[in-house]
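In case you want the letters, here they are:
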Amino acid sequence: MHPSESFLILRPFNALFFLIFAAFLLLLAGAGLLLRHKSARVKKTVIVVSCALTFVGFFLYKYALSIDAEYDALTAAMGGFNWWGELPLHLCNVNMLLIPAAVLSEKRPLLSFCFFVGPLGAALALFMPGNGFSGFSILLPRMLGYFGTHFMIVIMALSLATFGFYKPRFRDIPAAALTLAGVALAAFGISMLFRATGLYPGANYFYTVETEGNPLLELFYGWIPVPCLYLLPGIAVLGIYASLVTLIYRGIDLLRNGMGKKSAA
């Protein structure tokens, strides 16, 4: 392989991965600076349009998957590509749909769910991609679609705080965790319905039925070897993550307010 081609190979935590991640975070920071004096309406429009474009990109990426012979061969053991298994019903996709609703409605439970769950779910998908999405050129349509969609979900969810629509609070965490449990249960029901009706025998939304070789989920299944219920430790992970994020956010907020008081003095 030519050195220039090897640089294009993307896998979690390699140089290209960190470069792309940094580029998306810079995009978020730049948008925050450009919009800091704009109205809430303008900021909402930016978020909604970004989600809409990501949603369009999501379906273009799924179409690319449907005609990707290599991907079909790589996932042959799981039945290959099936549109019933590619609906936007996974955790990250659900956030892609809920973020516009959250920012337009300004409902705090919805905002907290998207802010806490969106980046965590998308980051886990980026760190532990499924079969066919690691060790290949970033120029492949499926790689562009998979990583582009998940990186966008990370920054769109974080933009809820960056643009000033949400400030995390500790008392929001239980509601976010309960909402996640409820949505996961619904995804499990849909997966079992698809399997029972034969629409897609391998349906596994939210990974509620099988781990599909994911190392973290394999660990959870070793603790609780029961479909859907084995995800319960994930609720604890969300609680820890959300608590740390809230603690850091409040610390930065206190520091900023303290510096502001000193400047005023």
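Residue positions are counted from 1 within each chain, in the order its sequence is given. With the structure being a predicted model, the display of local features is reserved for residues of pLDDT at least 70 and the display and counting of side-chain atom pairs for 80 or more, all residues being used for whole-chain, interface and lining totals. Only heavy atoms go into the side-chain values, all of them from the structure, while hydrogens and water stay out.

J.: Looking at this structure, I do not really get the packing of aromatic side chains. What am I missing?
T.: Each aromatic ring pair is summarised here by two numbers: the centre-to-centre distance and the angle between the ring planes. Planes of paired rings set the category: under 30 degrees apart is stacked, over 60 is edge-to-face and the rest tilted, where pairs are Phe, Tyr or Trp rings (Trp by its six-membered ring) whose centres lie within 6.5 Å. Applying the stated criterion across every chain, the model contains 26 aromatic pairs. For the pair tryptophan 84 and phenylalanine 194, a centre-to-centre distance of 5.3 Å together with 75° between the ring planes defines the contact as edge-to-face. Residue tryptophan 84 is found in the loop between helix H4 (69-74) and helix H5 (91-105), and its partner phenylalanine 194 is found in helix H8 (residues 173-197); the two are separated by 110 residues along the sequence. For every residue, the accessible area (1.4 Å probe, protein chains only) is compared with the maximum for its type, and the residue is labelled buried under 20%, exposed over 50%, or partly exposed between those bounds. On the basis of relative accessible area, phenylalanine 194 is assigned to the buried category, the value being 7%. Seen from their ring centres, phenylalanine 133 and tyrosine 146 are 4.4 Å apart, and the 20° between their planes marks the pair as stacked. Strands here mean DSSP runs of E at least two residues long; helices mean DSSP runs of H or I at least four residues long; both are numbered from the N terminus.

J.: When you look at the layout of surface pockets in this model, what are you seeing that I'm missing?
T.: Remark: the empty space left among the atoms is shown by a probe the size of a water molecule rolled over them. Each cavity reported here is a set of points on a 1 Å grid over the protein atoms alone in which a 1.4 Å probe fits but cannot get out, each pocket an open set with protein on both sides within 12 Å along at least five of seven lines, and each lining residue one with an atom within 4 Å of a point. Grid points are joined across faces, edges and corners, and a volume is the space filled by probe spheres set on the points. Taken as a whole, the second largest pocket spans an internal volume of roughly 360 Å³. What lines the second largest pocket is a set of 13 residues, among which Phe115, Ala161, Thr162, Tyr249 and Ile252 lie closest to the centre. Those elements giving two or more residues to the lining of the second largest pocket turn out to be helix H7 (141-162) and helix H10 (232-264). Looking at the lining of the second largest pocket element by element, the count peaks at six residues for H10. Its residues assigned to classes, the lining of the second largest pocket comprises nine nonpolar, two polar and two charged. Just so you know the grouping, Ala, Val, Leu, Ile, Met, Phe, Trp, Tyr, Cys and Pro go in nonpolar, Asp, Glu, Lys and Arg go in charged, and all remaining residues, Gly too, go in polar.

J.: Just checking my understanding: could you explain the pattern of salt bridges for this structure?
T.: Side-chain pairs of opposite charge can arise whenever the charged atoms involved come near each other. We define a salt bridge as a contact between a side-chain nitrogen of Lys or Arg and a carboxyl oxygen of Asp or Glu at a distance within 4 Å. Following the criterion strictly, the structure yields seven salt bridges and no others. The salt bridge partner of arginine 142 is glutamate 70, with a shortest N-O separation of 3.0 Å. Note that arginine 142 is positioned in helix H7 and glutamate 70 in helix H4, a separation of 72 residues in sequence. Judged by relative accessible area, arginine 142 falls into the buried class, the value being 1%. With relative accessibility at 39%, the residue glutamate 70 sits in the partly exposed group. Salt bridges linked by common partners bring Asp68, Glu70 and Arg142 together as one network.

J.: Explain H7 here, please?
T.: The periodicity of an α-helix, 3.6 residues per turn, causes residues three or four places apart in sequence to face the same way. Here a helix's expected span is defined as the number of its residues, less one, multiplied by 1.5 Å. Between the first and last C-alpha of H7 there are 30 Å, a value that for 22 residues agrees with the 32 Å anticipated at 1.5 Å per step. A positive phi of about 85° marks glycine 164, the residue just after H7.

J.: Just to check I follow, could you spell out the packing of helix H3 (residues 40-66) against H5 for this structure?
T.: Relative orientation and spacing of two packed helices are given, respectively, by the angle between their axes and the distance between those axes. Simply put, an axis is a line fit to the C-alpha atoms, just over the touching stretch for a helix, and the angle between two N-to-C directions goes from 0 to 180 degrees. Closest axis-to-axis distance for the H3/H5 pair is 9 Å, and the angle between their directions is 160°. As the angle between them shows, H3 and H5 are arranged roughly antiparallel. Note that H3 runs across H5; the crossing there is left-handed. Residue-level inspection shows Lys44, Ile47, Val48, Cys51, Thr54, Phe55 and Phe58 of H3 in contact with H5, the latter providing Asn93, Met96, Leu97, Ile99, Pro100, Val103 and Leu104. Looking at side-chain class alone, the contact of H3 with H5 contains eleven nonpolar, two polar and one charged residues. Here roughly perpendicular refers to angles of 65 to 115 degrees, roughly parallel to angles under 35, roughly antiparallel to angles over 145, and oblique to all remaining angles. Helix crossings are classified by the rotation of the near helix relative to the far one: an anticlockwise turn of less than a right angle makes the crossing left-handed, while a clockwise turn makes it right-handed. Any two residues having at least one pair of non-hydrogen atoms within 4.5 Å are treated as being in contact.

J.: Could you clarify how one ought to interpret the environment of leucine 98 in this entry?
T.: Mapping leucine 98 onto the fold places it in helix H5. When the C-alpha positions of leucine 98 and leucine 111 are compared, they lie 8.8 Å apart, and in sequence the two are 13 residues distant. When sequence neighbours within four positions are dropped, the list of residues in contact with leucine 98 reads Leu110, Phe113 and Cys114.

J.: Would you mind going over the side chain of asparagine 14 with me for this structure?
T.: If you trace the backbone, asparagine 14 turns up in the loop between strand E1 (9-10) and helix H2 (15-34). With relative accessibility at 17%, the residue asparagine 14 sits in the buried group. N or O atoms closer than or at 3.5 Å make up a polar contact, with two conditions inside protein: a donor-capable atom paired with an acceptor-capable one, and, for residues adjacent in sequence, both atoms drawn from side chains. Side-chain polar atoms of asparagine 14 contact the backbone nitrogen of phenylalanine 17, separated by 2.9 Å.

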